[in-house]
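Chain residues, written in single-letter form:
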Amino acid sequence: MDNAFADKTETALIAERSAVLAAPAVDDDALRALESEAARRLNAYLAGDVDVDADESPLFYGFIKVFGETENADLRVLAKKAEAKITPVLKQFDHMAGYDNLAKISPEEIERNITDLDGFERIDPFKRDADGKFAFEQFAPVFRVLSNVEIVDDDDGAVSELNETFMETVLETARMKTYMRLCVSDHEITQRDYLSELQFEMEKAVVVLFVMDKTSGVEFPLDAAQVGKIHQEFQKLIDVLDE
């Protein structure tokens, strides 16, 4: 059973651990297997066999913190070492995201956030009813811009499959960035929080793609003025479509 969790993501391992510990009777074998897999990954990280970049660091930090809360002394030591190693990378993320309180996030808060985010990620922001009305109206402008992008092949012919892939890529990238930012939130995440962050990440992706020269002055962490600039540039794209 030691390798039963080898193919699961760190997020899935956290969820599995939560389920095991929440059961009326804790499955000790399952918990040992989970902690064995966690120890394997932390050892690989400490040995340099696994790289974690700044964008991925909050989630891996959450993985370290959650599995560091254990009665297994060896795993606690590994978690402390991994936390020390990832701290410089977290500082890079802090700078990019404008966070300064990652070290204060408890394992319980991280598990709560991941549970909430797993539910919110099932939401289709472009969902529409039978009349074509968007369930989440704030995403209609994003959909409009993305729908007007034409990806062409080498013969300058538009390829619908590439256009669909482009929209999916923008959405999935925005989902990932939203997940990374909110998984280390120190307050309970609401659906409104999630959708607001997802909308901004999609607008930012579009602006960076199409008006990079105008956003070259954007620096991290994003303050209110920079966020406003992103929204302003996105609105200009909408205005062009209205002409």
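An account of the accompanying structure is given in this report. (Residues numbered from 1 in each chain as written. Predicted model: local features only at pLDDT ≥ 70, side-chain atom pairs only at ≥ 80, totals over all residues. Heavy atoms only, no water.)

Within the protein chain one finds nine helices and zero strands. Along the protein chain, from the amino end to the carboxyl end, the secondary structure elements read α-α-α-α-α-α-α-α-α. For the protein chain, the residues scored as buried account for 43% of the 243 residues in total. Sequence separation of 24 or more characterises 68% of the internal contacts of the protein chain that already satisfy a separation of 6 or more. In the form shown here, the protein chain has an accessible surface area of approximately 13,400 Å², with 50% of it arising from carbon and sulfur atoms. (Helix = DSSP H or I, 4+ residues; strand = E, 2+ residues; numbered from the N terminus. Buried < 20%, exposed > 50% of the residue type's maximum accessible area, 1.4 Å probe, protein only. Contact = heavy atoms within 4.5 Å. Areas by Shrake-Rupley, 256 points an atom, 1.4 Å probe, with all protein chains shown as cover.)

Estimates place the volume of the second largest pocket at around 250 Å³. Lining the second largest pocket are 14 residues, with T9, E10, E56, L59 and M180 sitting closest to its centre. Counting residues per element, the ones that place at least two in the lining of the second largest pocket are helix 1 (10-22), helix 3 (57-68) and helix 7 (160-182). Here the lining of the second largest pocket gets three residues from one element, more than from any other, and that element is helix 7. Looking at the lining of the second largest pocket residue by residue, the class counts come to seven nonpolar, two polar and five charged. (1 Å grid on protein atoms, 1.4 Å probe; cavity = no way out; pocket = protein on both sides within 12 Å on 5 of 7 lines; lining within 4 Å. Points joined across faces, edges and corners; volume = space filled by probe spheres on them. Nonpolar A, V, L, I, M, F, W, Y, C, P; charged D, E, K, R; others polar.)

On to the packing of helix 1 against helix 2 (residues 28-46). At a closest axis distance of 10 Å, the pairing of helix 1 and helix 2 adopts a crossing angle of 155 degrees. Regarding the angle of helix 1 to helix 2, the classification is roughly antiparallel. Seen along the crossing, helix 1 lies across helix 2 with a hand that is left-handed. Between helix 1 and helix 2, the residues in contact are E10, L13, E16, R17, V20 and L21 and A30, L31, L34, E37 and R41, respectively. Class assignment for the residues of the contact of helix 1 with helix 2 results in six nonpolar, no polar and five charged. (Axes fitted to C-alpha atoms, helices over the stretch in contact; angles between N-to-C directions. Parallel < 35°, antiparallel > 145°, perpendicular 65-115°, else oblique. Left-handed = near helix turned anticlockwise from the far one by under 90°.)

Tracing the chain through its elements places V149 in the loop between helix 6 (140-147) and helix 7. For V149, a relative accessible area of 13% puts it in the buried group.

A few words now on the packing of aromatic side chains. One pass over the full model with this rule turns up seven aromatic pairs. Considering the side-chain rings of F60 and F63, the 5.6 Å spacing of their centres and the 40 degrees angle between planes classify their relative orientation as tilted. Taken together, the residues span about one helical turn, with F60 and F63 both in helix 3 at a distance of three residues. Taken together, the ring pairs connect Y45, F60, F63 and F67 into an aromatic cluster. It is R17 that lies over the ring of F67; its NZ or CZ is 5.9 Å from the centre. Positioned above the aromatic ring of Y45 is the side chain of K85, whose terminal nitrogen or guanidinium carbon lies 4.5 Å from the ring centre. (Phe/Tyr/Trp six-rings, centres within 6.5 Å; stacked < 30°, edge-to-face > 60°. Lys NZ or Arg CZ within 6 Å of the ring centre and 35° of its normal.)

Turning to the side chain of E197, a few remarks are in order. By the element assignment, E197 lies in helix 8 (residues 191-210). In contact with E197, other than residues within four places in its own chain, are T178, R181 and L182.

Summed over the entire model, instances satisfying the criterion amount to nine salt bridges. A salt bridge links R17 to E111, with the shortest nitrogen-to-oxygen separation between them at 3.3 Å. With R17 in helix 1 and E111 in helix 5 (residues 107-120), this residue pair connects regions lying 94 residues apart in the sequence. Residue E37 pairs with R41 through a salt bridge whose shortest N-O separation is 2.7 Å. Taken together, the residues span about one helical turn, with E37 and R41 both in helix 2 at a distance of four residues. Three or more residues joined by partner-sharing salt bridges are found here, namely E10, E37, R40 and R41. (Salt bridge = Lys/Arg side-chain N within 4 Å of Asp/Glu carboxyl O.)

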